[in-house]
Amino acid sequence: MAEERLIHLLKTTWMVFLVQVLCVRGSKLWEAPTAPLVPHANLSTRLFWEPQCQTQLRHLQSEARITATIPPKLEGHWVSSRCEVRPGPEFLTRSYTFYQSPTCLFRALQHYYSDSECHIPTFSLVIRGKLRLRQASWITHGATEAEHHLHKVGMVIHSQKAVYHLATRLPFSCLGLKAGGQLVPHRFYELFNAKAEKDCLGALGLSMMELELLRVETHHHPHSRPTQEMFLGDVHTDWNERVHHRPTGYQEPLQNAMHHIHPCPVCALVYRSSEQHPPILPPSPSIPLDLNGNWVSQRCESRPDVLFLTRFFVFNEEQRIWEGTYQHYTDPMCRQPSFTLLASGHYAKVGQSVKVRGATELIFKVTRAKVIVYDQALLREFNSTQNRRCGQAGGWETGVEQDITWTDGCDALGVRLPHKEYELFKMGVDHKGRPLLYSGERPTDGSSPDRLAKRPTSFQTPMVQCSTRVGVEPRYSSFSDHSTGPKISFANALHSSLILLTILNAGCWNIYLF
């Protein structure tokens, strides 16, 4: 009984303070150029998804398929499986080696490129240091917090063009060059030495704060050996905040070099690379952006500030309309549903991106939205909301969708309608040859890319195409059969109370779209 009272107190306290500190970021809304919008009046949980799309989500939620231990076992060699895009944009591949305890030493190779296909290397960094695992994260459920210390960092430049570019950023005195000296390609330069108190990293904006949040997942496959992925902390989308940012979300995972997905030609190239011989990735096919059909998450996705979700999109290119279903969860396996946001609107293609080759710039308009609540504490809060826009106050029921369009959104969720976003999309293929859709990475501070200057320059975890049929509408009839329902444990209640601290620090909460 004492534990139940504490759980109730923590959940109630969290929700009460949540409403007090929520805010809505707003900006002037412009009409996006578009074809005439044909509204979908049947946005309802009574209709069903394409079977293969539903199967994909059930597969990623399978308890037997994915396991993760705390603390994670880091020993081994971990490599990129594709050309990675960081905010800026920056294009790179990573090759990290963690040595056996108790030394806890690591050696990280980062190869940077001038193009989004990782064909033209500019420079490589060799980063050596020590990592100490601390504790299970109270902020990001399922992750482990760590503390890293750099020992040495070195750099090798790979071309004369890169020399000219870096010469404007790196102080020669810091590199040990005399007046009039020049950087030379293929020569090793020391940028950081802890013992010698030498530090040239600030000029490059280099940070290894990604090592301060870790998660290792083992994926079990019925007809093949297990694969392992390492998730490291997210990189802040604002360059000025990157060095000091303590991550609460993840980057794209690294593959264990001995237990990686198959086939993975990029894994082998990155594994064999060195600072003098960066991997030159094979050319990938140029795929025009064709959004038609249904797209679904490949895994339980994370967002900074303790959000876990799965996404499901439907696009109709002819009418330029879209619908999205965002199922939010309280756990990193996406088995404890909290609420669902169903949104729809129209979009327009602007043109090819200048910053990220092969990507397309778009403008999205969100015009309609509905919400389904599963969490009882959230439900009580919605029903007790006074003087806040969020559907019909007192009319919320568990598992029943409510339209929030007529109240211009939902203040409690940070959803404002109508709403406009500047987006960046790109097509690709996975190791099985299936079409992938990359959408722009959301700002780390939780704001919305509602201005041209905030258009993303990097991408979220890609979605996979689960159906090519046009006009089939996304529906969330219920949470997955593998979900355990809207129950909360003692540990989850404590975790929920700490979400409040994150919200207090951030000053507001916005639900992520796209």
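Reading the values: rules and limits
- Residues numbered from 1 in each chain as written.
- Predicted model: local features only at pLDDT ≥ 70, side-chain atom pairs only at ≥ 80, totals over all residues.
- Heavy atoms only, no water.
- UniProt positions renumbered as here; feature names shortened; annotations may be inferred.
- Helix = DSSP H or I, 4+ residues; strand = E, 2+ residues; numbered from the N terminus.
- Buried < 20%, exposed > 50% of the residue type's maximum accessible area, 1.4 Å probe, protein only.
- Contact = heavy atoms within 4.5 Å.
- Areas by Shrake-Rupley, 256 points an atom, 1.4 Å probe, with all protein chains shown as cover.
- Core = buried A, V, L, I, M, F, W, Y, C linked by side-chain atoms within 4.5 Å.
- Polar contact = N/O pair within 3.5 Å; in protein donor to acceptor, adjacent residues only side chain to side chain.
- 1 Å grid on protein atoms, 1.4 Å probe; cavity = no way out; pocket = protein on both sides within 12 Å on 5 of 7 lines; lining within 4 Å.
- Points joined across faces, edges and corners; volume = space filled by probe spheres on them.
- Nonpolar A, V, L, I, M, F, W, Y, C, P; charged D, E, K, R; others polar.
- Pairing = 2+ DSSP bridges.

As annotated in an unreviewed UniProt entry, the protein is Adenomatosis polyposis coli down-regulated 1-like from Cyprinus carpio. Per UniProt, the comment on the protein under Subcellular location (unreviewed entry) is "Membrane".

Peer 1: Any details on the overall build of the protein? Residues and values, ideally.
Peer 2: Across its full length, the protein carries 6 helices and 24 strands. When each of the 514 residues of the protein is scored for burial, the buried share is 58%. The contacts in the protein between residues at least 6 apart in sequence include a share of 66% that link residues at least 24 apart. Within the structure as shown, the protein displays about 22,400 Å² of accessible surface, and the carbon and sulfur contribution to it stands at 55%.

Peer 1: Pulling in residues and values, what's your account of the nonpolar core?
Peer 2: F98, L125, I127, M155 and L191 are the most contacted members of the largest nonpolar core, which has 39 residues in total. Only β4 (90-98), β5 (105-113), β6 (121-136), β7 (144-157), α3 (160-167), β8 (188-193), β10 (213-221) and β11 (224-232) provide two or more residues apiece to this core. In terms of residues, this core owes the most to one element, β7, which gives 5 residues. Ignoring anything within four residues of it in the chain, the contact list for L125 reads A108, L109, Q110, Y112, G154, M155, L191, L204 and L206. In terms of nonpolar packing, the next biggest core, distinct from the first, is built from 34 residues, L362, F364, F382 and M463 among them.

Peer 1: Which residues make up the environment of H219, and what values do they have?
Peer 2: Inspection of the secondary structure puts H219 in strand β10. Given a relative accessible area of 7%, H219 falls into the buried group. Between the C-alpha atom of H219 and that of H259, which follows or precedes it by 40 residues, the distance is 9.8 Å. In this view, H219 contacts R65, I66, P226, T227 and E229; residues no more than four positions away in its chain are not counted. In this structure the side chain of H219 is engaged in a polar contact, spanning 3.3 Å, whose partner is the side chain of E229.

Peer 1: Help me get a handle on the layout of surface pockets, residues and values and all.
Peer 2: Of the voids in this model, the second largest pocket is the one considered here, and its volume is about 560 Å³. Considering the residues around the second largest pocket, the lining is formed by 29 residues, among which Y112, Y113, T122, F123 and R169 are closest to the centre. Sorting the residues of the lining of the second largest pocket by element identifies β4, β5, β6 and α3 as the ones contributing at least two each. Residues belonging to the lining of the second largest pocket are distributed by class as follows: 14 nonpolar, 8 polar and 7 charged.

Peer 1: Before we move on, can you summarise the pairing of strand β22 (residues 419-429) with the specific residues and values?
Peer 2: Burial runs high along β22: 10 of the 11 residues are buried. Of the pairings in the sheet, the one linking strand β18 (residues 360-373) to β22 comprises 7 bridges and is antiparallel in character. What sits directly across from L362, in β22, is E423. In terms of strand pairing, β22 meets strand β23 (residues 435-439) through 5 bridges, oriented antiparallel. Note on β23: the bridge partner recorded for V429 is P435.

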